[in-house]
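# Coordinate inspection notes
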Amino acid sequence: MNAILLVGHGSRDPEGNEQVRQFVEGLRPQLPSSLLVETCFLEFETPTIQQGIDQCVQKGAKHVVVIPIMLLQAGHSKIHIPAAIDEAKEIYPEVKFTYGRPIGIHEEALNICMNRLE
């Protein structure tokens, strides 16, 4: 089984964390039903990234694709998430891990910003 683990930053504001969960729920119907989709957070909220990885493996994932749902690369996406994946590789040597990139600056993101500014 393959899994996608979507990693939100996490917020002290419960509404922000709920928005991450709603985004993931809106994404689910667009993904193959055979794909396990889980959500986790880097800080201020659970499940943590380690708990998210554990959930994926406990549900049978043999390949976990970890995707940060953050706009730009920063310490979390360059240091903390890769470190968590390295730790998971030691705990679960039989599981393959693939790390995706943050969303980054995409033409549509720029268009959305321009529309909101107008």
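For the structure itself, consult the block above.
One structure accompanies this document, and this report is about it. Keep in mind that this is a model prediction, so the values were computed, not measured.

## Some details on the pairing of strand E3 (residues 63–68)
Relative to E3, strand E1 (residues 2–8) is paired through six bridges, and the arrangement is parallel. Opposite Leu6, over in E3, you have Ile67 as the bridge partner. As defined by bridge partners, E3 adjoins strand E4 (residues 96–99) across four bridges and the pair is classed as parallel. Looking at the pairing, Val64 lines up with Phe97 of E4.

## Focus: the side chain of Asn17
On the secondary structure map, Asn17 appears in helix H1 (residues 14–27). Since its relative accessible area comes to 2%, Asn17 is described here as buried. For Asn17, the side chain forms a polar contact with the main-chain oxygen of Ser11, separated by 2.8 Å. Those residues in contact with Asn17 that sit more than four places away from it in its chain are Gly10, Ser11, Phe41, Phe44 and Glu45.

## Observations concerning the side chain of His63
Here His63 lies in strand E3. Among the polar contacts listed, one links the side chain of His63 to the side chain of Thr98, at a separation of 2.6 Å. Sequence-distant contacts of His63, that is, excluding residues within four places in its chain, are made with Met1, Asn2, Ala3, Val95, Lys96, Phe97 and Thr98.

## Section: helix H2 (residues 49–58)
The buried fraction of H2 amounts to seven of the ten residues, a majority that puts the element mostly inside the structure. Along H2, the positions that sit buried rather than exposed are Ile49, Gln50, Gly52, Ile53, Asp54, Cys56 and Val57. Positive phi shows up at Gly60, right after H2, with a value of about 105°.

## Describing the environment of Thr46
Its location among the elements puts Thr46 in the loop between strand E2 (36–41) and H2. Its relative accessible area of 46% is what places Thr46 among the partly exposed residues. A C-alpha to C-alpha distance of 24 Å links Thr46 and Ser33, two positions 13 residues apart in sequence. Beyond its immediate sequence surroundings of up to four residues, Thr46 is in contact with Arg21, Phe41 and Gln51.

Reading the values: the criteria
Residues numbered from 1 in each chain as written. Predicted model: local features only at pLDDT ≥ 70, side-chain atom pairs only at ≥ 80, totals over all residues. Heavy atoms only, no water. Pairing = 2+ DSSP bridges. Helix = DSSP H or I, 4+ residues; strand = E, 2+ residues; numbered from the N terminus. Buried < 20%, exposed > 50% of the residue type's maximum accessible area, 1.4 Å probe, protein only. Polar contact = N/O pair within 3.5 Å; in protein donor to acceptor, adjacent residues only side chain to side chain. Contact = heavy atoms within 4.5 Å.

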